[in-house]
Amino acid sequence: MPIGVFSGTKWSKKMKTLNVKSTGNVEMALNSDHFLVEQTHEALSVEQQNSLNELVASIQSEGLQELHIEQTDFNSFVHKVKSGEVLVSDNVNSYQVFEDLENYITAFKSFEEGE
């Protein structure tokens, strides 16, 4: 079960967001669909869970508390939070999970509809 589901929230017309915490909590948004889940959520395929596990392990190995990737009509950026500092990068498509975000959102929506 998702920790939180925020379907229907009005954001930018086109918004794509991935926020991954070193604890394994993951927040994903695509347009008006918004999910807050754990990296091992049962709606995800084993492949998707493995990808998220690898991303969380990467975040932890870099000593980050969180990775935030966002793309809107107006902006795209990557924020890495380490020791309270925000390190900025602009290569949003260097993260495969972000590239495949629509597939993750589809899995959560399907799961939610099946409950």
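Check the entry above for the structure.
Everything numeric here is computed off the predicted structure, so don't read it as measured data.

What follows concerns the pattern of salt bridges. All told, the structure shown has 3 salt bridges when counted by the stated rule. For K21, the salt bridge is made with E66, and the minimal N-O distance between the two is 2.9 Å. One end of the pair, K21, is in strand β2 (residues 15-21); the other, E66, is in strand β5 (residues 66-72), with 45 residues separating them in the sequence. Here K109 makes a salt bridge to D33, at a shortest N to O gap of 3.1 Å. You can see K109 sitting in helix α3 (residues 101-114) and its partner D33 sitting in strand β4 (residues 33-38), a full 76 residues away along the chain. For D33, a relative accessible area of 15% gives the class buried.

With 27 residues, the main nonpolar core has L18, M28, L55, I69 and F108 as its most contacted residues. Looking at which element gives the most residues to this core, the answer is α3, with 6 residues. Dropping the residues within four chain positions of it, L55 is found in contact with L18, V20, L67, Y95 and V97.

Parameters at a glance
Residues numbered from 1 in each chain as written. Predicted model: local features only at pLDDT ≥ 70, side-chain atom pairs only at ≥ 80, totals over all residues. Heavy atoms only, no water. Salt bridge = Lys/Arg side-chain N within 4 Å of Asp/Glu carboxyl O. Helix = DSSP H or I, 4+ residues; strand = E, 2+ residues; numbered from the N terminus. Buried < 20%, exposed > 50% of the residue type's maximum accessible area, 1.4 Å probe, protein only. Core = buried A, V, L, I, M, F, W, Y, C linked by side-chain atoms within 4.5 Å. Contact = heavy atoms within 4.5 Å.

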